[in-house]
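Tertiary structure, described
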Amino acid sequence: MNIQQNISLKPFNTFGIDVSAAQFASFSDNIELEALLHYHSSEKKADKLLLLGGGSNILFTKNVSGLVLKNEIPGIEKIKEDDEYVYMKAGAGENWHHFVMHCLENNYAGVENLALIPGNVGASPMQNIGAYGVEIKDIFHELEAMHINDKTTVTFSKNDCAFGYRESVFKNKYKGQFIITSVTYRLRKQPVFNTSYGAIQQELENTGTKELSIQAIARAVMNIRSSKLPDPKQIGNAGSFFKNPEVKKNQFDELRLRFPGIVGYDVGNGHVKLAAGWLIEQCGWKGYRRGDAGCHAKQALVLVNYGKATGSEIFELSSKIIESVSSTFGVTLEREVNIE
Ligand code: EPU
């Protein structure tokens, strides 16, 4: 067990915010994790316990006074298969895109629309990651997680996870209680292509794709993502900073009368999901920069750190955006990124 003191977290968060952790340790298997949890609970040397995966969905606004644990549990293995499906189990510390590439190389279908999403496998069910018409819940089989107090390993089925839009039981009822150690996905041997998201169709046409394949879809997704979303290695960011808000159909109709260009998608149940990027852009924030904190010029839903912004500066910018969207449209944006 190697516990480091006063470590900068800058390399461990894609926003590139320079805060420190009083204590920091990584673990690569359940035994190491259990030992660290025992250390934390029995020694009481650190009050707060913060779990980090790829650090791609977090904004640090202050130093962390407690213990930061970095999940580095590796491994990708096929655990079973039948005529239709293969079941792939991945360690929570595996890089998500690396897992996607592994599936593409083996012709396992279902993750192609989710190519190039930053972060690790462990975070994928936590916030039910999604892109281009697919969410993790569509291919999720089960996961294993360690209970922080009991140190027991619990298996969660899809139902147990209560997935919603960028939501799961781990962000609500069980927040701060479990550490996800592995996730098993159910992938198809025969692909069911999902090109319903307009931008994919367009990109497939632009690149002259004649024969549809999971590899072609992944390529299209990667092209779209890299043209719109900043690469965290170059410009600090955590993907979409806000969720796309849902409003009632009648509120949407009223808004459309006042703002005919408004972008929304029917999600059933009498609700419409609004494109927050559009709302933010209309309020004039797209491309805004103050100091090193900014709103990305190609996708207004993404806030960026051009270098030395503090987490508080980015948080303040997000508050101003929330206020201005609320006063213009009467719609309250919710942050998608976790604030620490
Ligand atoms: N739009 C604008 N201006 C902008 C950005 C978007 O007008 O600056 C409008 C456009 O009309 C566009 C529509 O919003 O057609 C939707 O934009 P986009 O396809 O870029 O998707 P999004 O709704 O902004 C969501 C996810 C992304 C995911 C994409 C593609 C959320 C919070 N974000 O963004 O996920 O990649 O769809 O499926 O749901 C993430 O969660 O970190 C993330 C990047």
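This part is about the overall build of the protein chain. A count of helices and strands for the protein chain gives nine helices and 20 strands. Its C-alpha radius of gyration of 21 Å places the protein chain within 12% of the 20 Å reference for a compact globule of 340 residues. Across the 340 residues of the protein chain, 48% fall into the buried class. By sequence separation, contacts in the protein chain at least 24 residues apart represent 59% of the contacts at least 6 residues apart. Summing over all exposed atoms, the protein chain offers an accessible surface of approximately 16,100 Å²; the carbon and sulfur share of this is 46%. Between the centroid of the 37 positive side chains of the protein chain and the centroid of its 38 negative side chains there is a distance of 5 Å.

It is worth spelling out the sheet that holds strand 17 (residues 289-290) at this point. Strand order in this open sheet of four strands is 13-19-18-17, and the pairing throughout is antiparallel. In this open sheet, the two edge strands, each paired with only one partner strand, are strand 13 (236-240) and strand 17. Running over the sheet, helix 9 (residues 311-329) touches strand 17, strand 18 (293-295) and strand 19 (302-305) and is turned about 150° from strand 19.

This part covers the site of the ligand. The immediate surroundings of the ligand are formed by 24 residues, with Tyr-132, Tyr-165, Tyr-197, Glu-281 and Gln-299 found nearest. Take Lys-228: an N or O atom from its side chain is 2.9 Å from an oxygen atom of the ligand. Within the contact set of the ligand, a nitrogen atom lies 3.5 Å away from a backbone nitrogen or oxygen of Gly-277. The site holding the ligand turns out to be the largest pocket. Breaking the shell around the ligand down by element, the ones donating at least two residues are strand 8 (130-131), helix 6 (214-228), strand 13 and helix 8 (276-282). Ranked by the residues each element gives to the shell around the ligand, the list is headed by helix 8, at three residues. Here the residues of the shell around the ligand sort into eleven nonpolar, six polar and seven charged. Two domains each put at least three residues into the shell around the ligand: domain 2 (76-188) and domain 3 (236-339).

Attention now goes to the domain arrangement of the protein chain. We note that the domain assignment places domain 1 (4-71), domain 2 (76-188) and domain 3 (236-339) within the protein chain. Here domain 1 and domain 2 have C-alpha centroids that lie 22 Å from each other. Listed as interface residues are 15 residues of domain 1 and, on the opposing side, 14 residues of domain 2. Surface buried jointly by domain 1 and domain 2 totals about 1,100 Å² across both partners, of which 63% is contributed by carbon and sulfur atoms.

Next up on the list: the packing of helix 5 (residues 198-206) against helix 6. It is the contact of helix 5 with helix 6, at a shortest axis distance of 9 Å, that shows an interaxial angle of 105°. One way to sum up the angle between helix 5 and helix 6 is to call them roughly perpendicular. Residues Ala-199, Ile-200, Glu-203 and Leu-204 of helix 5 form the contact with helix 6, whose participating residues are Ala-216, Ile-217, Ala-220, Val-221, Asn-223 and Ile-224.

Let's shift gears to helix 2 (residues 96-105). Those residues of helix 2 that fall on the buried side of the exposure criterion are Trp-96, His-97, Phe-99, Val-100, Cys-103 and Leu-104. Take helix 2 and look down its axis: the buried residues cluster within an arc of 155°, on one side only. On its buried face, helix 2 sits against strand 6 (76-81), strand 7 (85-91), helix 3 (123-126), strand 12 (178-188) and helix 6. Put simply, Asn-95 is the residue that caps the front of helix 2, since its side-chain oxygen is 3.1 Å from the backbone nitrogen of His-97. Immediately beyond the C-terminal end of helix 2, within one or two residues, lies Asn-107, with a positive phi of roughly 65°.

If a probe as big as a water molecule is rolled over the atoms, it shows which places are left empty. Quantified by volume, the largest pocket comes out at close to 1,300 Å³. Around the largest pocket sit 48 residues that line it, and Gly-130, Ala-131, Arg-166, Tyr-197 and Asn-244 are the ones nearest its centre. For the lining of the largest pocket, the secondary structure elements donating two or more residues are helix 3, strand 8, strand 9 (134-135), helix 6, strand 13, strand 15 (264-268) and helix 8. Counting residues per element, the lining of the largest pocket draws most heavily on helix 8, which supplies four residues. Looking at the lining of the largest pocket residue by residue, the class counts come to 23 nonpolar, 13 polar and twelve charged. Both domains that furnish three or more residues to the lining of the largest pocket are identified here as domain 2 (76-188) and domain 3 (236-339).

Cut-offs and rules
- Residues numbered from 1 in each chain as written.
- Predicted model: local features only at pLDDT ≥ 70, side-chain atom pairs only at ≥ 80, totals over all residues.
- Heavy atoms only, no water.
- Helix = DSSP H or I, 4+ residues; strand = E, 2+ residues; numbered from the N terminus.
- Rg over C-alpha atoms; globule rule 2.2 N^0.38 Å.
- Buried < 20%, exposed > 50% of the residue type's maximum accessible area, 1.4 Å probe, protein only.
- Contact = heavy atoms within 4.5 Å.
- Areas by Shrake-Rupley, 256 points an atom, 1.4 Å probe, with all protein chains shown as cover.
- Lys, Arg positive; Asp, Glu negative; His and termini not counted.
- Charge placed at Lys NZ, Arg CZ, Asp CG, Glu CD.
- Pairing = 2+ DSSP bridges.
- Axes fitted to C-alpha atoms, helices over the stretch in contact; angles between N-to-C directions.
- Near = heavy atom within 4 Å.
- Polar contact = N/O pair within 3.5 Å; in protein donor to acceptor, adjacent residues only side chain to side chain.
- 1 Å grid on protein atoms, 1.4 Å probe; cavity = no way out; pocket = protein on both sides within 12 Å on 5 of 7 lines; lining within 4 Å.
- Sits in = over half its atoms within 2 Å of the grid points.
- Nonpolar A, V, L, I, M, F, W, Y, C, P; charged D, E, K, R; others polar.
- Domains from an automatic or database assignment.
- Buried area = accessible area lost by both parts, 1.4 Å probe.
- Parallel < 35°, antiparallel > 145°, perpendicular 65-115°, else oblique.
- Arc of directions from axis to C-beta.
- Points joined across faces, edges and corners; volume = space filled by probe spheres on them.

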